[in-house]
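# Examining the three-dimensional arrangement
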Amino acid sequence: MSTASKITCVEDFRQLAERRVPRMFYDYADSGSWTEGTYRSNVTDFEKLKFRQRVAVDIETRSLRTSMIGIDVAMPVAIAPTGLTGMQHADGEILGAKAAEKFGIPFTLSTMSICSIEDVAAHTHKPFWFQLYVMRDRDFIERLIDRAKAANCSALVLTLDLQVLGQRHKDIKNGLSTPPRPTLANLINLATKPRWCMNMLGTKRRSFGNIVGHAKGVGDLSSLSSWTAEQFDPALSWKDLEWIKKRWGGKIILKGIMDAEDARLAVETGADAIVVSNHGGRQLDGAPSSISALPGIAHAVGKEIEVWMDGGIRSGQDVLKAVALGAKGTMIGRPFLYSLGAMGEAGVTRCLEIIANELDITMGFCGRTDIHDIDRSILLNGDVFDRP
């Protein structure tokens, strides 16, 4: 039996990625800030929600197809922007974008990607989304936006919750760097990852493709670390969205909303969608889980803006629960990274198949045949996160 055929769930991919990806990069993907309490609750809070099983309902024909900001999608899932994706697997962003395109869901490229905007555009046929971090060097950001426009990106995902960097203990202990620092511990660990090493030897993409050679004063890796340390902008405010929106001129998604008041402010900016997200538990430790924050935010903005959620999704059942609590769409980060690190493009494709199948079957068990008909009534305790 092949490795792929033995994969039955996202957890299988996680375990395989842990064996195949160098420790510093696996830990980068699979970690939260400080105590990792929010990172854990993102996952465990989904378990508090229970489905209502219905029987003797005609569920022969079922559909997961829907739209996200007017784009037809095979299921209400998009691949979230993730930094250093090309260090989970060589050319990771390209492989992920190709898998998403073939499956029929959106792919979001991070500012902090290894493969550049132009790299991904050259290897795909349909538009993808680009995620933007606002940095102090506004000239660089304006040129980055222009590059995304030139690459025909169909939406800009503006991440609002990285004005300062949350501390992730594992990254400090591992001496995270791109490429890996040749410390004895890292060299020993790399020696146990021959598949990863061979793939990386076969690509020239080993740095931050959107930054090196594009930002002033950043021509190589030695100058990159000092540049990034200074560039995240704590002065970012709602007024900055005006010039970004004007420069971009297209659809904008605001990611990192965890408060109903911020959701209302997001509506006032004229954004097309908001993503309820705590950055995967990687920023403010002690914040609520994304799924627990979702109902209040969805209620606060009603139908004025599309509400999506990101954080803690590990299955199609989790996607269905998010939709039941008001999300029109979801984003997946770690399931994508686990499957990519484990098996490359084929892994991402298999991961999406698993999530779609779990979503489809569970919807049927709940007596529903169309994703558009999903609401709180499929849950026994849909008000669990409304209670004080």
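Note: the structure precedes this text.
Described in the following lines is the structure provided in the data block.

## Considering the sheet that holds strand 8 (residues 273-276)
Across the sheet, eight strands lie side by side as 3-10-9-8-7-6-5-4; this open sheet has parallel pairing. Unpaired on one side and paired on the other, strand 3 (77-79) and strand 4 (108-109) mark the two borders of the sheet.

## Details of unusual backbone geometry
For Trp 34, which is not glycine, the phi dihedral falls at a positive 45°. Among the structural elements, Trp 34 can be located in the loop between helix 3 (23-29) and helix 4 (37-44). For His 279, which is not a glycine, the phi torsion comes out positive at approximately 65°. Tracing the chain through its elements places His 279 in the loop between strand 8 and helix 14 (290-301).

## Details of the packing of helix 13 (residues 260-269) against helix 14
The N-to-C vectors of helix 13 and helix 14 enclose an angle of 40°; their axes lie 9 Å apart at closest approach. By the angle between their directions, the pair helix 13 and helix 14 is classed as oblique. As for the relative orientation of helix 13 and helix 14, their crossing is right-handed in sense. Residues Ala 260, Ala 263, Arg 264 and Val 267 of helix 13 form the contact with helix 14, whose own contacting residues are Gly 296, Ile 297, Ala 300 and Val 301. Grouping the constituent residues of the contact of helix 13 with helix 14 by class yields six nonpolar, one polar and one charged.

## Regarding the pattern of salt bridges
Following the criterion strictly, the structure yields 22 salt bridges and no others. Notably, a salt bridge pairs Arg 14 with Glu 11, separated by 2.8 Å at the nearest N-O pair. One end of the pair is Arg 14 and the other is Glu 11, both in helix 2 (residues 10-20) and three residues apart, which spans about a single turn. Residue classification places Arg 14 among the buried residues on the basis of a relative accessible area of 19%. The shortest N-O distance in the salt bridge between Arg 14 and Glu 18 comes to 3.1 Å. Taken as a pair, Arg 14 and Glu 18 lie in helix 2 at a separation of four residues, close to a single helical turn. Residue class for Glu 18 comes out partly exposed when judged on its relative accessible area of 29%. When salt bridges with common partners are traced through the structure, they connect Glu 11, Arg 14, Glu 18, Arg 23 and Asp 27 into a single cluster.

Cut-off values and rules
- Residues numbered from 1 in each chain as written.
- Predicted model: local features only at pLDDT ≥ 70, side-chain atom pairs only at ≥ 80, totals over all residues.
- Heavy atoms only, no water.
- Pairing = 2+ DSSP bridges.
- Helix = DSSP H or I, 4+ residues; strand = E, 2+ residues; numbered from the N terminus.
- Axes fitted to C-alpha atoms, helices over the stretch in contact; angles between N-to-C directions.
- Parallel < 35°, antiparallel > 145°, perpendicular 65-115°, else oblique.
- Left-handed = near helix turned anticlockwise from the far one by under 90°.
- Contact = heavy atoms within 4.5 Å.
- Nonpolar A, V, L, I, M, F, W, Y, C, P; charged D, E, K, R; others polar.
- Salt bridge = Lys/Arg side-chain N within 4 Å of Asp/Glu carboxyl O.
- Buried < 20%, exposed > 50% of the residue type's maximum accessible area, 1.4 Å probe, protein only.

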